Amino acid sequence: MERKVTFVQYGCGKMGKYLMRYGLEKGAELVGAFDVNPAIIGKDVCEIIEHDWPATGITIAPASEAEAFFEQHHPDVCIIATRSTVAELEDILTVCANHGVNAITTCEEALYPWNSSPDLTRKLDELAKKGGCTLTGVGYCDLYWGTMVTNFMGAQASITKICGSSWYNVEDYGIALAEGHGAGLTIDEFNRTIGAYNDYSSDEIRKAVESGEYVPSYMWNQNGWLCAKLGLHITSQTQKCIPTTWPSDLKSETLGFTIKAGDATGMRAVVTTETEEGITFETECVGKVYAPEEFDKNEWTIYGEPESVLKCDKPATVELTCANIINRIPQLIDAPAGYVTTDQYPYNIYCIRPLNEYVKTK
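Since this is a predicted model, take the numbers as computed values, not measurements.

(A) Spotlight on the overall build of the protein chain. Of the regular secondary structure elements, the protein chain holds 11 helices and 15 strands. Once the C-alpha set of the protein chain is aligned to its principal axes, its extents read approximately 55 × 50 × 35 Å. Only carbon and sulfur atoms are counted for the fraction: they give 50% of the accessible area of the protein chain, which is about 16000 Å². For the protein chain, the distance from the average position of its 29 positive side-chain charges to the average position of its 50 negative side-chain charges is 3 Å.

As structure tokens, this is what we get:
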């Protein structure tokens, strides 16, 4: 592509500030920005980007004006950094599809929504094909739980089981996420609510997930992505939510109170996936209020010959998520129309040159 890649930022919060800066630093042109927060609407995006970024002339507009903007302009890409489920993004993804604008999002479920929201994903897929654009979800999980693992598997002689574990501090992501992980509940309260689906069979939990009755953990979609990438056929998939605890009281700034010793500080959501090919996946998200000595970590163990371990302590999750998205943009533009998950993309690369130089589509 001879001209610059043009993009719009939809959601200008914690992630948006990195996404806009990284996009601009990679030679893309920011042509619009949208948010729902009245405190930042009307500001030049340089105030969000910070880093002494010069004024851009692009001011943040209300999210409600995005569709009218797309009617007048046609950016190459809309980067969406707002919510965590595809249902919450249906409106903006529909707007993008109807106007033929490629969309890429940080939404965790969007990485592989075929196994959690199949009806909605099929609907969005049809709209995107009709609009001649591509919709997809990308983030930290795309590489650190995905391509890093599948690429590493290429050095194995045999594989019987893959175990993955990723930790994150719910204090960093707001009260809704902390409460969704059961932080602050007694163990009895946790088991009656969040743990109520632990004994569901594979068919029962699949129906609960697909109907929207039950929102699975991030690893539910990740295991689906991994199996799709590897060409494995799933025979069963279950999830168990197990409360995490700490032997002493823990102060939670996000919750605004102290979690008593022995109460739930958060949870381990463990997803077990069996395949026809005999490879088992046992993956977990561990989201909790951290004790002083705890930290983010990402660890994967591949059992077989040989037994191999991938480990990353204290990953910069926000920055890694945003950089991975920006580096995926050329592949997004070149991808076929529809809802195309990244298991169908080439392995991501670090874009040394401006993004447009990696785009094959004219």
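Moving on from the model shown.
(B) Structural view of the sheet that holds strand β12 (residues 280-288). Reading across from one edge, β8-β11-β12-β7-β13-β14 is the order of the six strands in this open sheet, with mixed pairing throughout. Each edge of the sheet is formed by a strand with only one pairing partner; in this case those strands are β8 (234-244) and β14 (308-313). When strand polarity is set aside, the average angle formed by the axes of neighbouring strands in this sheet is 10°. Relative to strand β11 (residues 266-275), β8 is paired through 10 bridges, and the arrangement is antiparallel. Bridge assignment links Ile234 to a residue of β11, and that residue is Thr275. Taken strand by strand, helix α10 (residues 218-230) contacts β7 (158-169), β8, β11, β12 and β13 (297-305), and its axis lies near 150° from that of β12.

(C) Highlighting the nonpolar core. If you look at the biggest cluster of nonpolar residues, it comprises 43 residues, and the most contacted ones within it are Trp145, Ile162, Tyr214, Cys241, Phe281 and Trp300. It is α10 that contributes the most residues to this core, six residues altogether. Ignoring anything within four residues of it in the chain, the contact list for Phe281 reads Ile162, Asn223, Leu226, Cys227, Leu230, Leu232, Val271, Thr272, Thr273 and Thr275. The next biggest cluster of nonpolar side chains, apart from the first, holds 36 residues, and it includes Tyr18, Tyr22, Ala28 and Tyr358.

(D) Structural detail: the packing of helix α6 (residues 140-152) against α10. Closest axis-to-axis distance for the α6/α10 pair is 10 Å, and the angle between their directions is 35°. The way α6 lies across α10 gives a crossing that is right-handed. Taken together, the residues of α10 that come into contact with α6 (itself represented by Cys141, Asp142, Trp145, Gly146, Thr147, Val149 and Thr150) are Tyr218, Met219, Gln222, Trp225, Leu226, Lys229 and Leu230. Among the residues forming the contact of α6 with α10, the class breakdown is eight nonpolar, four polar and two charged.

(E) View of the packing of aromatic side chains. A complete count under the given rule lists nine aromatic pairs for this structure. Taken together, a centroid distance of 6.1 Å and an interplanar angle of 80° make the contact between Tyr140 and Trp145 edge-to-face. As far as the burial class goes, Tyr140 and Trp145 line up, both buried. Measuring from ring centre to ring centre gives 4.4 Å for Tyr197 and Tyr214, while their planes differ by 25°; the resulting arrangement is stacked.

(F) Here's a closer look at the pairing of strand β4 (residues 77-80). Neither face of β4 is open: one carries Val77 and Ile79, the other Cys78 and Ile80, and all of them are buried. Bridging between strand β1 (residues 6-10) and β4 involves four bridges; their strand directions are parallel. Bridged to Phe7 within β4 is Val77. Where β4 meets strand β5 (residues 102-105), four bridges bridge the pair, whose relative direction is parallel. Residue Ile79 lies in a different strand from β5, and its bridge partner there is Ile104. For the handedness criterion, the β-α-β arrangement of β4, helix α4 (residues 86-98) and β5 is classed as right-handed.

(G) The arrangement of helix α11 (residues 317-334) in detail. With 18 residues, α11 should cover 26 Å at 1.5 Å per step; its first-to-last C-alpha distance of 26 Å lies within 8% of that length. Along α11, the helix axis deviates most sharply at Arg328, where the bend reaches about 40°; the proline Pro330 sits within four residues downstream. Judged by how many residues are buried, α11 sits mostly within the fold: 14 of 18 residues are covered.

(H) Focus on the pattern of salt bridges. Under the counting rule described, the total for this entry stands at 14 salt bridges. Asp76 is the salt-bridge partner of Arg3, the closest N and O atoms lying 2.8 Å from each other. Here Asp76 lies in the loop between α3 (66-72) and β4 and Arg3 lies in the segment before β1, a separation of 73 residues in the sequence. Residue Arg3 is classed as partly exposed on the basis of its relative accessible area of 45%. A relative accessible area of 9% means that Asp76 is categorised as buried. With its nearest N and O atoms 2.9 Å apart, the salt bridge here joins Asp142 to Arg328. Residue Asp142 is located in helix α6, and its partner Arg328 is located in helix α11; the two are separated by 186 residues in the primary sequence. Among the charged side chains, a salt-bridge network with shared partners connects Asp203, Arg206 and Glu210.

Conventions adopted
Numbers given for residues are sequential positions, taken from 1 along each chain in its written order. Selection of residues for local features in this predicted model requires a pLDDT of at least 70, selection of side-chain atom pairs for listing and counting requires 80 or more, and totals for whole chains, interfaces and linings are taken over all residues. To get the side-chain values, all heavy atoms of the structure are used, and hydrogens and water are removed first. A run of DSSP states H or I qualifies as a helix once it reaches four residues; a run of E qualifies as a strand once it reaches two. Both are numbered from the N-terminal end. The Shrake-Rupley method, run with a 1.4 Å probe sphere, supplies the accessible areas, and residue values consider only the shown protein chains as cover. We count Lys and Arg on the positive side and Asp and Glu on the negative side, and we leave His and both chain ends out. The atoms used to mark charge sites are NZ of Lys, CZ of Arg, CG of Asp and CD of Glu. Note: two strands are recorded as paired if DSSP finds a minimum of 2 bridges between them. To get an axis, fit a line to the C-alpha atoms, keeping to the stretch in contact for a helix; angles then go from 0 to 180 degrees between the N-to-C directions. Whether two residues are in contact is decided by their heavy atoms: any pair within 4.5 Å suffices. The criterion is simple. A nonpolar core is a set of buried Ala, Val, Leu, Ile, Met, Phe, Trp, Tyr and Cys residues joined through side-chain atoms within 4.5 Å. Between buried and exposed lies partly exposed: a residue is buried under 20% and exposed over 50% of the maximum accessible area for its type, with that area taken using a 1.4 Å probe on protein chains only. In this scheme the handedness of a crossing depends on how the near helix is turned from the far one: anticlockwise by less than a right angle means left-handed, clockwise means right-handed. Polarity classes work like this: nonpolar for Ala, Val, Leu, Ile, Met, Phe, Trp, Tyr, Cys and Pro, charged for Asp, Glu, Lys and Arg, and polar for all others, with Gly in that last group. Any pair of Phe, Tyr and Trp rings, taking the six-membered ring for Trp, is counted once the centres come within 6.5 Å. Such a pair is stacked with planes under 30 degrees apart, edge-to-face with planes over 60 apart, and tilted for the rest. When the strands point away from the viewer, a crossover counts as right-handed if the route from the first strand across the helix to the second turns clockwise. Expected helix span is given by 1.5 Å per residue-to-residue step, counting one fewer step than there are residues. Think of it this way: the bend at a residue is just the angle between two axes, each fitted to seven residues, one set ending at that residue and the other starting at it. What makes a salt bridge here is a side-chain nitrogen of Lys or Arg within 4 Å of a carboxyl oxygen of Asp or Glu, nothing more.

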